[in-house]
Amino acid sequence: MTDQDLKYFKKLLQTKRTSIVKDLGTLQSHSMQITSAESSGDLTYSDHMPDLGNSTMEREKAFLFAARDGAYLDQIDAALTRIKNRKYGVCRACKSPIPRARLEAVPTTEICVPCKEKQNKLA
């Protein structure tokens, strides 16, 4: 992979990372607002049981989204480390170069399509 390719994917991953961090901040502030309102007894809607259930469901969704985004953030950071170590774009299974189209579609990938298909058949 050329230096220009590495710079391109580094910028792409950094942009995705910035977006995820922003989303995590929004989710965190939203879930903290819900939790603060519930703990103080100051619900914005009412004390009606369905409203309480909706609030709990919204908080759980926020936590699930945050967990998903956190895992993706880890994948992005790992990809940025591979770029730094000049190991980005090399399949961890067969050590062959991962095609650019695959990296464009899934920039955090560590595995080429044939190896991924083999992996999926074993699972």
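Placed above this text is the structure.
As the structure is a computational prediction, the values presented were derived from the model and not from experiment.

**So, the overall build of the protein**
Helix and strand counts for the protein stand at four helices and zero strands. Walking the protein from its N terminus toward its C terminus, one meets helices and strands in the order α-α-α-α. By the burial criterion, 25% of the 123 residues in the protein qualify as buried. Restricting the contact set of the protein to residue pairs at least 6 apart, pairs at least 24 apart contribute 61%. Of the roughly 8,600 Å² of accessible surface on the protein, 57% is carried by carbon and sulfur atoms.

**Focus: the layout of surface pockets**
Of the volumes computed, that of the second largest pocket is approximately 170 Å³. Met 1, Asp 5, Leu 6, Phe 9, Arg 86, Tyr 88, Gly 89, Val 90, Pro 97, Ile 98 and Arg 100 are the residues that line the second largest pocket. Counting residues per element, the lining of the second largest pocket draws most heavily on helix α1 (residues 3-40), which supplies three residues. Class assignment for the residues of the lining of the second largest pocket results in seven nonpolar, one polar and three charged.

**Concerning unusual backbone geometry**
Positioned with a positive phi, Arg 86 is a non-glycine residue whose angle comes to about 60°. By the element assignment, Arg 86 lies in the loop between α2 (49-84) and α3 (100-105). Phi at Lys 95 is positive, roughly 65°, even though this residue is not glycine. Here Lys 95 lies in the loop between α2 and α3. For Lys 95, a relative accessible area of 58% translates into the label exposed.

What counts and what doesn't
- Residues numbered from 1 in each chain as written.
- Predicted model: local features only at pLDDT ≥ 70, side-chain atom pairs only at ≥ 80, totals over all residues.
- Heavy atoms only, no water.
- Helix = DSSP H or I, 4+ residues; strand = E, 2+ residues; numbered from the N terminus.
- Buried < 20%, exposed > 50% of the residue type's maximum accessible area, 1.4 Å probe, protein only.
- Contact = heavy atoms within 4.5 Å.
- Areas by Shrake-Rupley, 256 points an atom, 1.4 Å probe, with all protein chains shown as cover.
- 1 Å grid on protein atoms, 1.4 Å probe; cavity = no way out; pocket = protein on both sides within 12 Å on 5 of 7 lines; lining within 4 Å.
- Points joined across faces, edges and corners; volume = space filled by probe spheres on them.
- Nonpolar A, V, L, I, M, F, W, Y, C, P; charged D, E, K, R; others polar.

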